[in-house]
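Coordinate inspection notes
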Amino acid sequence: MRICSLGSGSKGNCTYINVEGKGILIDNGLSCRELANRMSDIGLDMSDIKHILITHDHNDHVNGIGVLARKTDAAVYAHPKCFKAISGKLGDVNYCGDNENYENGFHIGDVYIKPFRTPHDAAYSVGYRIEGEGKTFALATDLGVVTESIFKHLSNTDLTIIESNHDIKMLKYGKYPEPLKKRIMSNHGHLANVETAIAICKLAPTSKRFLLAHLSEDNNLKQLAFDESNNALKKIGVTPADITLDVLDQYIPSKIYEI
């Protein structure tokens, strides 16, 4: 299984997975041109994309999906409530997720896709757990709190992408209006660095590689996000030899992680 973040943050989110020879995207908030350029930069080809999984309806996750789906003839998967919220924006696409039992999971060939509910102020928001080639990958971004169900879906993975959106002090004393600050800090907003660190420490016994995602450009810094989780792991006796911890970028594709 190969995994690459092509963009992570409020300017556009997109994650590429290749498993069992299938090219799968989770979300695409990038233009087709930008996506093609970023994929080309790391030796990937946009024509490989045959399946697109959608987490939720916010623009930074779906803006580029309609054009991309038509250009590549990729199948699009989303919870029906999510798809209803974005169908006018996407236009005519090959929608394959029309199933009220969407969270029960489904197969793409031999690959098992397990959506799971995430608390966020969207029409319907999910994360994904993907199993194939004897490996497991999970992604959970845009969530205000890590529920027990989410912990279950992020456990026992080979690689997990998890949100580390903001530093609490930077957000509290920053330029955002108070209603927006309250929305971000609510249980349907975004995870603070300290909340992500607590989650990673809880997951560390069973999951050994974490990528910190969806950092706020205004209310966070890569070093702050990394240090919060890294220092928390040190306090419980976890060393860099035990856990791989990286921070994803908004504008630069990550390396391709092979698990």
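Up top is the structure.
A brief look at the structure comes next. (Residues numbered from 1 in each chain as written. Predicted model: local features only at pLDDT ≥ 70, side-chain atom pairs only at ≥ 80, totals over all residues. Heavy atoms only, no water.)

**Here's the deal with the overall build of the chain**
Looking only at helices and strands, one finds nine helices and 14 strands in the chain. For the chain, whose C-alpha radius of gyration is 17 Å, the value lies close to the compact-globule estimate of 18 Å for 259 residues. Seen along its three principal axes, the alpha-carbon backbone of the chain occupies a region of about 50 × 45 × 35 Å. In the chain, which comprises 259 residues, the share counted as buried stands at 57%. Counting only contacts in the chain whose residues sit at least 6 apart along the sequence, the fraction spanning at least 24 positions is 64%. As displayed, the chain has an accessible area near 11000 Å², and 48% of this comes from carbon and sulfur atoms. Side chains of the chain carry 29 positive and 32 negative charges; the gap between the two charge centres is 3 Å. (Helix = DSSP H or I, 4+ residues; strand = E, 2+ residues; numbered from the N terminus. Rg over C-alpha atoms; globule rule 2.2 N^0.38 Å. Buried < 20%, exposed > 50% of the residue type's maximum accessible area, 1.4 Å probe, protein only. Contact = heavy atoms within 4.5 Å. Areas by Shrake-Rupley, 256 points an atom, 1.4 Å probe, with all protein chains shown as cover. Lys, Arg positive; Asp, Glu negative; His and termini not counted. Charge placed at Lys NZ, Arg CZ, Asp CG, Glu CD.)

**Observations regarding the pairing of strand β8 (residues 111–117)**
Here is the key point about a regular strand: its side chains alternate between the two faces of the sheet. Burial of β8 is extensive: five of the seven residues sit out of reach of the surface. As judged from the three bridges shared by strand β7 (residues 106–108) and β8, these two strands associate in the antiparallel manner. By the bridge assignment, Ile-108 is partnered in β8 with Val-111. Between β7 and the antiparallel strand that follows it, β8, lie two residues; Gly-109 among them carries a positive phi value of about 60°. (Pairing = 2+ DSSP bridges.)

**Observations concerning the state of the cysteines**
Within the structure shown, the criterion is met by zero disulfides. You can see Cys-14 has no disulfide; the closest cysteine sulfur is in Cys-4, sitting 8.7 Å from it. Judged by its relative accessible area of 1%, Cys-14 falls in the buried class. (Disulfide = S-S within 2.5 Å.)

**What about the packing of aromatic side chains?**
Applying the stated criterion across every chain yields a total of three aromatic pairs. Judged by centre distance (5.2 Å) and plane angle (10°), the ring pair of Tyr-77 and Phe-106 falls under stacked. Taken as a pair, Tyr-77 in strand β5 (residues 75–77) and Phe-106 in strand β7 lie far apart in primary sequence, 29 residues in all. The residues Tyr-77 and Phe-106 share a single accessibility class, namely buried. Seen from their ring centres, Phe-83 and Tyr-95 are 3.7 Å apart, and the 0° between their planes marks the pair as stacked. Here Phe-83, found in helix α4 (residues 80–90), pairs with Tyr-95, found in strand β6 (residues 94–95); they are twelve residues apart in sequence, far enough to count as distant. Within the aromatic cluster, the residues linked to one another by ring pairs are Tyr-77, Tyr-102 and Phe-106. (Phe/Tyr/Trp six-rings, centres within 6.5 Å; stacked < 30°, edge-to-face > 60°.)

**Section: the nonpolar core**
Core analysis: the biggest nonpolar cluster contains 53 residues, and Leu-35, Ile-130 and Phe-137 have the highest contact counts within it. Grouped together as the second largest cluster of nonpolar side chains are 25 residues, Val-146, Phe-151, Leu-191 and Leu-212 included. (Core = buried A, V, L, I, M, F, W, Y, C linked by side-chain atoms within 4.5 Å.)

**Brief notes about the layout of surface pockets**
Taken as a whole, the largest pocket spans an internal volume of roughly 260 Å³. In terms of lining, the largest pocket is formed by 18 residues, of which the most central are Ser-10, Asn-165, Arg-183, His-190 and His-214. Ranked by residue count, the leading element in the lining of the largest pocket is helix α7 (residues 178–185), at three residues. Its residues placed into classes, the lining of the largest pocket shows four nonpolar, eight polar and six charged. Its boundaries defined by the atoms lining it, the second largest pocket holds a volume of some 160 Å³. Taken together, Ser-8, Leu-215, Ser-216, Glu-217, Asn-220, Leu-221, Lys-222, Leu-248, Asp-249, Gln-250 and Tyr-251 make up the lining of the second largest pocket. (1 Å grid on protein atoms, 1.4 Å probe; cavity = no way out; pocket = protein on both sides within 12 Å on 5 of 7 lines; lining within 4 Å. Points joined across faces, edges and corners; volume = space filled by probe spheres on them. Nonpolar A, V, L, I, M, F, W, Y, C, P; charged D, E, K, R; others polar.)

**Details of the side chain of Thr-72**
Inspection of the secondary structure assignment puts Thr-72 in helix α3 (residues 65–72). Engagement of the side chain of Thr-72 in a polar contact is seen with the backbone oxygen of Leu-68, the distance being 2.8 Å. Setting aside anything within four residues of it in sequence, one finds Thr-72 in contact with Met-46, Ile-49 and Lys-50. (Polar contact = N/O pair within 3.5 Å; in protein donor to acceptor, adjacent residues only side chain to side chain.)

That is the geometry; function is a separate question.
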